[in-house]
Amino acid sequence: MNVKKNRRIMADRYLRYAMHKEHSTHSHASAAFESGYFYLLVALDAPTGSPEGTHPGVALVHQAVERFELEPQVMNPAREFIDLQYSPEGVGHLHAELLAWAQQMKKLADGA
């Protein structure tokens, strides 16, 4: 299998996981983010991942805004997740926003 296809499979799995009610809100939010991020990698056809070499990488988010001519606020849930993922506040409160964002990124990947 190629990298793009594997990422698509992972994104689909994370999205399904993010929609299951029996997991914690933190797990839901993390899965929703991972799903959106993998869809973004597919849409951008980024073979090496984020330009800065980290996961997750905010540079990839900025690259998507430029390439797809998106309004910057579309990526706010992803930026907020990246900023808060290791904070005491956590990311559970972002679940609904991240799920909607992941579904938007899926549409971008569907067009790739």
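Reading the values: rules and limits
- Residues numbered from 1 in each chain as written.
- Predicted model: local features only at pLDDT ≥ 70, side-chain atom pairs only at ≥ 80, totals over all residues.
- Heavy atoms only, no water.
- Helix = DSSP H or I, 4+ residues; strand = E, 2+ residues; numbered from the N terminus.
- Rg over C-alpha atoms; globule rule 2.2 N^0.38 Å.
- Contact = heavy atoms within 4.5 Å.
- Areas by Shrake-Rupley, 256 points an atom, 1.4 Å probe, with all protein chains shown as cover.
- Lys, Arg positive; Asp, Glu negative; His and termini not counted.
- Charge placed at Lys NZ, Arg CZ, Asp CG, Glu CD.
- Core = buried A, V, L, I, M, F, W, Y, C linked by side-chain atoms within 4.5 Å.
- Buried < 20%, exposed > 50% of the residue type's maximum accessible area, 1.4 Å probe, protein only.
- Phe/Tyr/Trp six-rings, centres within 6.5 Å; stacked < 30°, edge-to-face > 60°.

1. Overview of the overall build of the protein
And step 1. Helices and strands together make up the secondary structure of the protein, namely five helices and zero strands.
And step 2. When its helices and strands are written in sequence order, the protein yields α-α-α-α-α.
And step 3. By the compact-globule yardstick of 13 Å for 112 residues, the protein fits well, its C-alpha radius of gyration being 13 Å.
And step 4. In terms of its C-alpha atoms, the protein occupies a principal-axis envelope of roughly 30 × 30 × 25 Å.
And step 5. Within the protein, contacts between residues separated by at least 24 positions form 56% of all contacts whose residues are at least 6 apart in sequence.
And step 6. Carbon together with sulfur atoms contributes 53% to the accessible area of the protein, which is approximately 6,100 Å² in total.
And step 7. Averaging the coordinates of the 11 positive side-chain charges in the protein and doing the same for the 13 negative ones gives two points 11 Å apart.

2. Thoughts on the nonpolar core
And step 1. Phe33, Leu40, Leu60, Met75, Leu98, Trp101 and Met105 are the most contacted members of the largest nonpolar core, which totals 34 residues.
And step 2. Per-element accounting of this core gives the leading share, 12 residues, to helix α2 (residues 25-44).

3. Some words on unusual backbone geometry
And step 1. Even without a glycine there, the phi angle at Glu69 is positive, about 50 degrees.
And step 2. In this structure, Glu69 sits in the loop between α3 (58-67) and α4 (76-84).
And step 3. Judged by relative accessible area, Glu69 falls into the exposed class, the value being 72%.

4. Structural notes on the side chain of Ser30
And step 1. Among the structural elements, Ser30 can be located in helix α2.
And step 2. Here Ser30 falls in the buried class, since its relative accessible area comes to 19%.
And step 3. Setting aside its immediate chain neighbours within four residues, Ser30 contacts Phe81 and Val91.

5. What to know about the packing of aromatic side chains
And step 1. Taken as a whole and assessed by the stated rule, the structure comprises four aromatic pairs.
And step 2. The rings of Phe33, Tyr37, Phe81 and Trp101 are connected pair by pair, giving a single aromatic cluster.

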